[in-house]
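Here are the chains, one letter per residue:
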Amino acid sequence: MADVDLKHPWIDAELHEQIWGSAPEGEIPASLQIFGTDLAMIRKASLASWLSDDELRCDGRVEFEELTVEGYDGGPEVPVLVLRPATPRSDRPALVYTGCGGKMMSAPRALRGLGMLQWVVDYDIVVVSVGLRVGPEDPHPAQVHDGYAGLRWVAANSDRLGVDPRRIGLAGISGGGGVAAATALFARDHGGPDVAQLIALTPMLDDRDITVSNHFEGVCWPHDSNITGWTAILGEAKGGPEVDQYAAPARALSLHGLPPTYIETGSADTFRDESLEFALRAGLAGVPVEVHSWAGYLHGCETYAPDTEMTRALLAARLSYLRRVLGARPGLVPNVDPRTSSAG
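Residues numbered from 1 in each chain as written. Predicted model: local features only at pLDDT ≥ 70, side-chain atom pairs only at ≥ 80, totals over all residues. Heavy atoms only, no water.

Trainee: Which parts of the structure should I look at to understand the sheet that holds strand 6 (residues 198–201)?
Mentor: What links the strands of a sheet is backbone hydrogen bonding, and the strands pair in either a parallel or an antiparallel sense. One open sheet accounts for eight strands, arranged 1-2-4-3-5-6-7-8; its pairing is mixed. For this open sheet the edge positions go to strand 1 (62–69) and strand 8 (289–298), each flanked by a neighbour on one side alone. Recorded for the sheet is a direction-independent mean angle of 20° between the axes of neighbouring strands. Bridge count for strand 3 (residues 92–99) against strand 4 (residues 126–131) is six bridges, and the pairing is parallel. Pairing of Thr98 across the sheet is with Val130, part of strand 4. (Pairing = 2+ DSSP bridges. Helix = DSSP H or I, 4+ residues; strand = E, 2+ residues; numbered from the N terminus. Axes fitted to C-alpha atoms, helices over the stretch in contact; angles between N-to-C directions.)

Encoded structure:
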């Protein structure tokens, strides 16, 4: 039996054709070239993901507000972008979005290609996008403190926002998925507020560089990029014994008490192994978990290869979950046997 190349995972054929098909032989495809170790280039490329005022308004269907909210524990004020349907309502669900690329990029308007404006319109929800401090300028615990500040502000201002305080969730993608998970742990351990959902999409959870998928090459967000991102937020502490669960949620000793959790990843994603292990451990701790691992899927392909069969399947599963947990009926109910639950 031939040796398996664990550093170069199999990739969905249609994705491969779209990404590598136009690249000269032996060269990195243009869509992957921003994911290296040059922080200035990474941040410059991220500006393309910012939405304009007109885009945020979504043809008049969305109202938006930009403001700063009180930081946590004496920290600086935190910028947030509030997106809500233009029609008034007092009891909408809300998602606090902790947007963060690789621990090094964050801006409340960096929403292009993520579908969140459509979530606001289609599911009648409020999305609050939090602008997190990033490394290396602001190391840990800046990001989780900012995520927690945003969560607390939404809960404290639920009446003004028209939000049901019992239905506030956390969501994040990639580096921000890790911050969403960390914020859920932080809220659990610091007196709330209660979190109704955790939606962690291809989350960045583990700084230790110990999994097979952490060492993938020739993928979106390869090994050297991952080292750069974790070093930016943790410095020399990266991988060492002093890193806590609020920096790297994979380090949490217990995931008991987390909210219902949705996790998605891909078999060709640098974060595959830590995402699947986190989902398993959460399930073993009694957390209701929905987890999807898409065979041959690369990190973030929905943003630069949206018109593929796999991307359509991924988005359909993601949107199905949102419909179930954000709809008129709750997505989950207690499993109580009426034959044993009556008093006496």
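Now that the structure is up, let's keep going.
Trainee: What is the right way to read the nonpolar core from this model?
Mentor: As a rule of thumb, soluble globular proteins bury nonpolar side chains together. Membership of the largest hydrophobic core comes to 45 residues, with the highest contact counts inside it found for Leu151, Trp153, Val154 and Leu170. Sorting the residues of this core by element identifies strand 2 (78–85), strand 3, strand 4, helix 5 (142–156), strand 5 (163–173), helix 7 (175–189), strand 6 and helix 9 (272–284) as the ones contributing at least two each. Tyr97, Leu111, Tyr123 and Tyr262 belong to the second largest nonpolar core, which has 39 residues in total. (Core = buried A, V, L, I, M, F, W, Y, C linked by side-chain atoms within 4.5 Å. Buried < 20%, exposed > 50% of the residue type's maximum accessible area, 1.4 Å probe, protein only.)

Trainee: What is the right way to read the environment of Lys238 from this model?
Mentor: Its place among the elements puts Lys238 in the loop between helix 8 (223–234) and strand 7 (261–268). For the pair Lys238 and Val4, spaced 234 residues apart in the sequence, the C-alpha separation amounts to 29 Å. In contact with Lys238, not counting residues within four places along its chain, are Asp207, Asp209, Ile227, Trp230, Thr231 and Val243. Within the structure, Lys238 has its side chain in polar contact with the backbone oxygen of Asp207 (distance 2.9 Å). (Contact = heavy atoms within 4.5 Å. Polar contact = N/O pair within 3.5 Å; in protein donor to acceptor, adjacent residues only side chain to side chain.)

Trainee: How do you make sense of the side chain of Asp146 when you look at a structure like this?
Mentor: Along the chain, Asp146 falls in helix 5. Ignoring sequence-local partners within four residues, the contact set of Asp146 consists of Val78, Val130, Gly131, Leu132 and Arg133.

Trainee: I would appreciate a short explanation of the pairing of strand 2 in the present structure.
Mentor: Looking along a regular strand, one sees side chains alternate from face to face of the sheet. With respect to burial, strand 2 is a largely interior element, seven of its eight residues being buried. Summarising the sheet, strand 1 and strand 2 pair through eight bridges and their orientation is antiparallel. Across the sheet, the residue bridging to Leu67 is Val80, located in strand 2. Note that strand 2 and strand 4 share four bridges and pair antiparallel. Looking at the pairing, Val82 lines up with Val128 of strand 4.

Trainee: I keep staring at the packing of helix 5 against helix 7 and nothing clicks. Help me out?
Mentor: Look at helix 5 against helix 7: their axes get within 9 Å of each other, and the N-to-C directions meet at 70°. As summarised for this structure, helix 5 and helix 7 are arranged roughly perpendicular, according to the angle between their axes. The interaxial crossing formed by helix 5 with helix 7 has right-handed handedness. Where helix 5 abuts helix 7, its residues Gln143, Val144, His145, Gly147, Tyr148 and Leu151 lie against Val179, Ala182, Thr183, Phe186 and Ala187. Its residues assigned to classes, the contact of helix 5 with helix 7 shows seven nonpolar, four polar and no charged. (Parallel < 35°, antiparallel > 145°, perpendicular 65-115°, else oblique. Left-handed = near helix turned anticlockwise from the far one by under 90°. Nonpolar A, V, L, I, M, F, W, Y, C, P; charged D, E, K, R; others polar.)

Trainee: Looking at this structure, how should I read the packing of aromatic side chains?
Mentor: For any two aromatic rings, the description comes down to two numbers: the centre-to-centre distance and the angle of the planes. Per the stated rule, a full pass over the model turns up five aromatic pairs. Seen from their ring centres, Tyr262 and Tyr321 are 4.7 Å apart, and the 35° between their planes marks the pair as tilted. Of the two residues, Tyr262 sits in strand 7 while Tyr321 sits in helix 11 (residues 309–326), which places them 59 residues apart along the sequence. For the pair Tyr262 and Tyr321, one class covers both residues: buried. Feature note: the residues Tyr72, Tyr148, Phe186 and Tyr246 constitute an aromatic cluster, connected by ring pairs. (Phe/Tyr/Trp six-rings, centres within 6.5 Å; stacked < 30°, edge-to-face > 60°.)

Trainee: Can you help me understand the pairing of strand 8 in this one?
Mentor: Direction of pairing for strand 7 relative to strand 8: parallel, over a ladder of seven bridges. Directly across from Ile263, in strand 8, lies its bridge partner Val291. Taken together, strand 7, helix 9 and strand 8 constitute a β-α-β crossover, and its handedness is right-handed. (Right-handed = clockwise from strand over helix to strand, strands pointing away.)

Trainee: Any chance you could explain unusual backbone geometry here in plain terms?
Mentor: Glycine aside, negative phi is the norm for most residues, and most peptide bonds take the trans geometry. Here the residue pair Gly135 and Pro136 is connected by a cis peptide bond, since its omega of 5° sits within 30 degrees of zero. A cis geometry characterises the amide bond from His140 onward to Pro141, with omega recorded as 15°. Its identity as a non-glycine residue notwithstanding, Cys58 has a phi of 50°, on the positive side. Positionally, Cys58 belongs in the loop between helix 3 (53–57) and strand 1. For Trp221, which is not glycine, the phi torsion reads 60° and is therefore positive.

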